[in-house]
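Examination of the molecular architecture
The residues making up each chain are set out below.
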Amino acid sequence: MANEEYGATAERRTGTSPGRRAVLGAAVLGAGAAVAGAPGVARAEGRHGKGHGHGHGDELPVPTVIAHRGTSGYRPEHTLGSYQLALDMGADVIEQDVVPTKDGHLVCRHENDITATTDVAAHPEFAGRKTTKSVDGVQLTGWFTEDFTLAELKTLRAKERIPGTRQRNTLYDGRWDVPTLEEVLRWAERAGRERGRRVWLHIETKHPTYFRKLGLGLEEPLAKLLRRYNRHRRHSPNFLQSFEPSSIQRLRKLVDAPGVVLLSSANSRPWDFVEAGDPRTVADLIKPEGLRWMASYAKGIGPTLDLIIPKGPDGRLLEPTTLVRDAHAEDLILHPYTMRNENTFLPADFKKGTDPNAYGDAFGAFKKYFATGIDGIFSDNADTALLAAADFRDGGTVNE
């Protein structure tokens, strides 16, 4: 999801009537609703034992644990193995990033540059496909999904993206291929039937302006797939997300599924703003007027964690910003990104020892972020996040 190396509801928090965040929290589970106490299943109750929906059955717990690219802390990202482990661990929502193939199929990759996440470099038949491109203003050299048909892409195997940090994950290199979004939707449908509950997804359109210029627009084929699998409605068990606000605006015209605007660093600009000459930065979007504008077409935001609690020059956390309070005032939910267990990704306050690849005090960091009142969080380690969320629901407080 994130461009790093890329609810608690209104009435529970403020005493107001159910709003946008309550709508986002309500899951349509249908027959065979989740069983309280079953592995990975949470009832529709907040930290104080009160549900927060509109009578749609069980809901997502708050804080919601979103499995970032599946269980990318334990398996190569965006593979069916990574998604399945996330589901088995009990993740509330599982994320997919989508990019297109040359022949217009949507596949699940964090980036269209597949150099680091597949074995494409080991295929001599594709040596001539290596090229340099400018993607959202960044020069990249490698192999790109838009230069492969789906049949060609299916000859490749997925591998660990950051083997230096996650050497153990390389055990699974080559075990899975690159899944199409339709394959993931079928998997989710089948898994939902087996478990008696809908499987929630968090689907991101990657580089939508770039692909639209290539004649490979993402929103229309995504909407078509959502309709095919009955995931296009207001209370369907999925979120639609993008770093480009115009992509969420396009999707809103095509389907009723809730949209989430992703937000990178404060001084950055969404690429569609750059292309359109819109001078606003993320810093402008997180002001009350920017939040109000996003609330006119989106149901939530996905800010980088630094927008929730910034870090000082020493890498330690400073005081929280007012973003949670301000976003909730506009009835937006917040799903910030991304928590990881390794020292190298944690704030300095929560690092342990000197090995950057060793686990730090992830539980301490989760507690700090949850205390701000965020509605959910993306994590590479769903099991850790679920334990931290359960701890917080049992005794946490919200700093709003």
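The structure we're discussing is the one just above.
Criteria and cut-off values
Residues numbered from 1 in each chain as written. Predicted model: local features only at pLDDT ≥ 70, side-chain atom pairs only at ≥ 80, totals over all residues. Heavy atoms only, no water. Helix = DSSP H or I, 4+ residues; strand = E, 2+ residues; numbered from the N terminus. Buried < 20%, exposed > 50% of the residue type's maximum accessible area, 1.4 Å probe, protein only. Areas by Shrake-Rupley, 256 points an atom, 1.4 Å probe, with all protein chains shown as cover. Core = buried A, V, L, I, M, F, W, Y, C linked by side-chain atoms within 4.5 Å. Contact = heavy atoms within 4.5 Å. Axes fitted to C-alpha atoms, helices over the stretch in contact; angles between N-to-C directions. Parallel < 35°, antiparallel > 145°, perpendicular 65-115°, else oblique. Left-handed = near helix turned anticlockwise from the far one by under 90°. Pairing = 2+ DSSP bridges. Polar contact = N/O pair within 3.5 Å; in protein donor to acceptor, adjacent residues only side chain to side chain. Salt bridge = Lys/Arg side-chain N within 4 Å of Asp/Glu carboxyl O.

Before going further, it helps to examine the overall build of the protein chain. Each helix and strand counted, the protein chain has 15 helices and 11 strands in total. For the protein chain, with 400 residues in total, the buried portion stands at 58%. When the accessible area of the protein chain is evaluated, it comes to approximately 15600 Å², of which 50% is carbon and sulfur surface.

Moving on to the nonpolar core. I94, L181, L263, I301, M339 and Y369 are the most contacted members of the largest nonpolar core, which totals 85 residues. When residues no more than four places from it in sequence are discounted, the contact partners of M339 are L305, L346, A362, A365, F366, Y369, I377, F378, S379, D380 and N381.

Relative orientation of the contacting elements helix 14 (residues 362-370) and helix 15 (residues 382-395) amounts to 50°, with a least axis distance of 10 Å. As the angle between them shows, helix 14 and helix 15 are arranged oblique. Handedness of the crossing formed by helix 14 with helix 15: right-handed. Contact residues: A362, F363, F366 and F370 in helix 14; T384, A385, L387, A388, A389 and F392 in helix 15.

The buried count for strand 6 (residues 200-205) comes to 6 of 6 residues, which makes it a mostly enclosed element. Taking every second residue as pointing to the same face, both faces of strand 6 are buried, with W200, H202 and E204 on one and L201, I203 and T205 on the other. The sheet contact formed by strand 2 (residues 93-100) and strand 6 spans 6 bridges and is parallel. Of the residues in strand 6, the one forming a bridge with I94 is L201. Bridge count between strand 6 and strand 7 (residues 238-242): 5 bridges; the pairing is parallel. Bridged to E204 within strand 7 is Q241.

Right, let's talk about the packing of helix 3 (residues 80-89) against helix 5 (residues 181-195) for a bit. It is at 12 Å that the axes of helix 3 and helix 5 come closest, and there the two elements cross at 25°. By the criterion of interaxial angle, the relationship of helix 3 to helix 5 is roughly parallel. Helix 5 is crossed by helix 3, and the crossing has right-handed handedness. Along the contact surface, helix 3 presents L80, Y83, Q84, L87 and D88, while helix 5 presents V184, W187, A191 and R195.

Before going further, it helps to examine unusual backbone geometry. Of note, the bond from V62 into P63 is cis; its omega dihedral lies within 30 degrees of zero at 0°. For the bond running from Y337 to T338, omega is -15°, close enough to zero to count as cis. Structurally, T338 is set in the loop between strand 10 (333-334) and helix 14. Of note, the phi angle at D136 is positive, near 55°, even though the residue is not glycine. As for its position among the elements, D136 is in the loop between strand 4 (131-135) and strand 5 (138-142). The phi angle at H207 is positive, at roughly 50°, despite the residue not being glycine.

This part takes up the side chain of N343. Residue placement: N343 occurs in the loop between strand 10 and helix 14. Look at N343 and you get buried, because its relative accessible area is 3%. Reaching out from N343, the side chain makes a polar contact with the backbone oxygen of D355 at a distance of 2.9 Å. Leave out the neighbours within four places in its chain, and N343 touches F350, K351, K352, G353, D355, P356, A358, Y359 and G360.

This part covers helix 14. Inspection of helix 14 places A362, G364, A365, F366, Y369 and F370 among the buried residues, and these make up the whole buried set. Looking at the buried positions of helix 14, the neighbouring elements they touch are helix 12 (305-308), strand 11 (376-379) and helix 15.

Between side chains of opposite charge, a pair can form as their charged atoms come close. Counted under the stated rule, the structure contains 23 salt bridges. With a closest N to O distance of 2.8 Å, R129 and E152 form a salt bridge. Placement of the pair is R129 in the loop between strand 3 (106-108) and strand 4 and E152 in helix 4 (residues 150-153), with a sequence separation of 23 residues. You can call R129 partly exposed: its relative accessible area is 25%. Overall, the relative accessible area of 22% leaves E152 in the partly exposed class. Measuring nitrogen to oxygen at the nearest pair gives 3.6 Å for the salt bridge that ties K287 to D284. What makes K287 partly exposed here is its relative accessible area of 38%. Judged by relative accessible area, which is 26%, D284 ranks as partly exposed. Several salt bridges share partner residues, and in doing so they unite R166, R340, E342 and D380 into one network.

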